[in-house]
Amino acid sequence: QVQLVESGGGLVQPGGSLRLSCTASGNIFSIIAMGWYRQAPGKSRELIANIFSRTDSSNYADSVKGRFTISRNDAKNAVYLQMNSLKPEDTAVYYCNAKYFSGANSGEYWGQGTQVTVSS
C-alpha cells in the first residue's frame, strides 16, 4: 500500500503561482512513476504531468507546457508541481498519482485531491 498526501492548493489570481506538494509513504519502493492529474467541474480527469523514477524523464500536457514544472525529492519521498502564469482554466481539483509495479502486480494510487482556484 502507498499513501499519498497533497498540499499547496488554494486561491490565486490569474498570472500568479502555486506549488503543490505530494508526499508518499508506505511501499514506496514499488513506485515507478508519479504525476499530477486534474479534474474540473463537468470534465474528465486529465493527466497534467508525470515523472518516472528510474529515468527522471517527465511529460506534460500541452495545456501546461512552459508554465508548470514537475520535480521530485527522493529523500523526502515527495513530488512537486510548480505552477506559474496560472489561468482561470487551470481551476480544478488536482490529484497526486503514483503508479507501481511489484512482481506480478501493478496499479496506481491516488491522493485525496487539493483544490486550485484561479480567479480575480
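Described below are features of the structure shown in this document. The model shown is predicted, which means the values in this text are computed figures rather than measured ones.

**Examining the overall build of the chain**
Then comes step 1: Helix and strand content of the chain: 0 helices and 11 strands.
Then comes step 2: Going from the N terminus to the C terminus, the chain shows its helices and strands as β-β-β-β-β-β-β-β-β-β-β.
Then comes step 3: Since a compact globule built from 120 residues should have a radius of gyration of about 14 Å, the 14 Å found for the chain is in line with a globular shape.
Then comes step 4: The C-alpha extent of the chain, read off along each of the three principal axes, is 50 × 25 × 25 Å.
Then comes step 5: Looking at the chain residue by residue over its 120 residues, the buried ones come to 41%.
Then comes step 6: Counted over contacts in the chain with a minimum sequence separation of 6, partners at least 24 positions apart contribute 52%.
Then comes step 7: Here the chain displays about 6,400 Å² of accessible surface, and carbon together with sulfur accounts for 49% of that area.

**Quick look at the side chain of serine 30**
Then comes step 1: As for its placement among the helices and strands, serine 30 is situated in the loop between strand E3 (18–26) and strand E4 (31–39).
Then comes step 2: A polar contact is formed between the side chain of serine 30 and the backbone oxygen of asparagine 27, at a distance of 2.8 Å.
Then comes step 3: Beyond its immediate chain neighbours, meaning those up to four positions away, serine 30 contacts Val2, Lys99, Tyr100, Phe101 and Ser102.

**Observations concerning the sheet that holds strand E7 (residues 68–73)**
Then comes step 1: One open sheet accounts for 4 strands, arranged E1-E3-E8-E7; its pairing is antiparallel. Strands with a single pairing partner mark the edges of an open sheet, and in this sheet they are strand E1 (2–7) and E7. In this sheet, neighbouring strand axes are inclined to one another by 15° on average, regardless of whether the strands run parallel or antiparallel.
Then comes step 2: The pairing of E3 with strand E8 (residues 78–83) spans 6 bridges and is classified as antiparallel. When the bridges of E8 are listed, leucine 20 appears paired with leucine 81.

**Side note on the pattern of salt bridges**
Where charged atoms of side chains with opposite charge meet at close range, the side chains can pair.
Then comes step 1: Taken as a whole and judged by the stated rule, the model has 7 salt bridges.
Then comes step 2: When the shortest N-O distance is used, the salt bridge between aspartate 90 and arginine 67 registers 2.7 Å. One end of the pair, aspartate 90, is in the loop between E8 and strand E9 (92–102); the other, arginine 67, is in the loop between strand E6 (58–60) and E7, with 23 residues separating them in the sequence. With respect to class, aspartate 90 is no different from arginine 67; both count as buried.
Then comes step 3: Here lysine 99 and glutamate 108 are joined by a salt bridge, their closest N and O atoms 3.3 Å apart.
Then comes step 4: By relative accessible area, lysine 99 is classed as partly exposed at 29%.
Then comes step 5: The exposure class assigned to glutamate 108 is partly exposed, which follows from its relative accessible area of 38%.
Then comes step 6: Salt bridges linked by common partners bring Arg38, Glu46, Arg67 and Asp90 together as one network.

Reading the values: the criteria
Residues numbered from 1 in each chain as written. Predicted model: local features only at pLDDT ≥ 70, side-chain atom pairs only at ≥ 80, totals over all residues. Heavy atoms only, no water. Helix = DSSP H or I, 4+ residues; strand = E, 2+ residues; numbered from the N terminus. Rg over C-alpha atoms; globule rule 2.2 N^0.38 Å. Buried < 20%, exposed > 50% of the residue type's maximum accessible area, 1.4 Å probe, protein only. Contact = heavy atoms within 4.5 Å. Areas by Shrake-Rupley, 256 points an atom, 1.4 Å probe, with all protein chains shown as cover. Polar contact = N/O pair within 3.5 Å; in protein donor to acceptor, adjacent residues only side chain to side chain. Pairing = 2+ DSSP bridges. Axes fitted to C-alpha atoms, helices over the stretch in contact; angles between N-to-C directions. Salt bridge = Lys/Arg side-chain N within 4 Å of Asp/Glu carboxyl O.

As far as function goes, none of this settles anything; it's purely spatial.
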